[in-house]
Amino acid sequence: MSANTALISYYAKRAAEYERIYLKPERQDDLRQLRAFVEQTFADADVFEIACGTGYWTEILSRSAASVLATDINEEVLAIARSKPIDFRKTTFRRADAYDLRQFPRRFTGGLAAFWWSHVPKAGLRDFLGGFRQILSPGARVVLMDNRYVEGSSTPISRTDDHGNTYQTRRLADGGTYEVLKNFPTESELRATVEGFAGDVRIEFLRYYWILSYVAV
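Here is a short report on the structure shown in this document. (Residues numbered from 1 in each chain as written. Predicted model: local features only at pLDDT ≥ 70, side-chain atom pairs only at ≥ 80, totals over all residues. Heavy atoms only, no water.)

So, the overall build of the chain
- A tally of helices and strands in the chain yields six helices and ten strands.
- Against the 2.2 N^0.38 benchmark of 17 Å for 217 residues, the chain shows a C-alpha radius of gyration of 16 Å, consistent with a compact globule.
- Taken over the C-alpha atoms alone, the chain extends approximately 40 × 40 × 35 Å along its principal axes.
- Split into buried and exposed, the 217 residues of the chain put 54% on the buried side.
- Nonlocal contacts in the chain, meaning residues at least 24 apart in sequence, comprise 61% of its contacts between residues at least 6 apart.
- When the accessible surface of the chain is summed, it comes to about 10,100 Å², and 48% of that surface belongs to carbon and sulfur atoms.
- The chain carries 29 positive and 28 negative side-chain charges, and their two centres are separated by 2 Å. (Helix = DSSP H or I, 4+ residues; strand = E, 2+ residues; numbered from the N terminus. Rg over C-alpha atoms; globule rule 2.2 N^0.38 Å. Buried < 20%, exposed > 50% of the residue type's maximum accessible area, 1.4 Å probe, protein only. Contact = heavy atoms within 4.5 Å. Areas by Shrake-Rupley, 256 points an atom, 1.4 Å probe, with all protein chains shown as cover. Lys, Arg positive; Asp, Glu negative; His and termini not counted. Charge placed at Lys NZ, Arg CZ, Asp CG, Glu CD.)

Describing the pairing of strand β10 (residues 209-216)
- In terms of residue burial, β10 counts as a mostly covered element, since seven of its eight residues are buried.
- Here strand β5 (residues 136-147) pairs with β10 via seven bridges, running antiparallel. The residue bridging Val143 from the neighbouring strand is Ser213, located in β10.
- Pairing geometry for strand β9 (residues 198-205) and β10, over six bridges, is antiparallel. Paired with Ala198 across the two strands is Ala216, which belongs to β10. (Pairing = 2+ DSSP bridges.)

What to know about the sheet that holds strand β7 (residues 166-171)
- Here we have three strands laid out as an open sheet, ordered β6-β7-β8, and antiparallel in their pairing. Edge positions in the sheet fall to β6 (157-160) and β8 (177-181), since each has one partner strand and no second. Each neighbouring strand pair of the sheet contributes to a mean axis angle of 30°, computed without reference to strand direction.
- As paired strands, β7 and β8 are joined by five bridges and run antiparallel to one another. Counted as the bridge partner of Arg171 is Thr177 from β8.
- Its contacts with the sheet put helix α1 (residues 5-14) on β7 and β8, and the angle it makes with β8 is roughly 120°. (Axes fitted to C-alpha atoms, helices over the stretch in contact; angles between N-to-C directions.)

Describing helix α3 (residues 56-64)
- Burial runs high along α3: seven of the nine residues are buried.
- For α3, the full list of buried residues reads Tyr56, Trp57, Thr58, Ile60, Leu61, Ser62 and Ser64.
- At its buried positions, α3 is contacted by α2 (28-41), β1 (46-50), β2 (67-72), β3 (91-95), β4 (108-114) and β5.

Re the sheet that holds β9
- Across the sheet, seven strands lie side by side as β3-β2-β1-β4-β5-β10-β9; this open sheet has mixed pairing. The strands lining the two open edges of the sheet, one partner per strand, are β3 and β9. Pairs of neighbouring strands in the sheet enclose a mean axial angle of 15°, with direction left out of account.
- Running over the sheet, helix α6 (residues 187-194) touches β9 and β10 and is turned about 160° from β9.

As for the environment of Glu187
- Assignment of secondary structure puts Glu187 in helix α6.
- The exposure class assigned to Glu187 is partly exposed, which follows from its relative accessible area of 36%.
- Considering only alpha carbons, one finds Glu187 and Ala114, 73 residues apart in sequence, at a separation of 17 Å.

Read these as spatial facts, not as claims about activity.
Right, here's the structure in full:
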């Protein structure tokens, strides 16, 4: 499995406006909780970040982690991420496909994928998690977090395919429109998907987001 080319194109073109999503007033309390959770969970860890985008969460990771290797498939978003006020003595950005991490032989004690799960087709989630597992040390703490669907705040779902994946139609500032895969899992779906990869599974649903954390086994 490899990254979807339409999704790659969408996020490349959205790079300059990506972080506007974090400015929604109604989401600020939840975002404060997410930032605090990430900073506390990965204190002193060597963290591998998948789909780092413009580095919003990388900057937070770098405050407390021992080291961060942040990856994304888009050079457009990585260029923005590298411009942030991050401690580059312990933070590195690399271009990488989230579905193919074989170029990273090192093992990490922490793993973060923020707002990535929702863009993985349901049938490919366990393959993705298996690949992620290969670069993590036994006992590594993993955090995956993403959006909940909230009527009036979330972009409406435009269609559902035969495999249960849901999609949104999104418009960028330049007027271009894109159909984007965006799934909203239930707690039972999250637990079933990580079974066999995870110990000490913890799930929390906030108003606008969910957090899944576990220990790699």
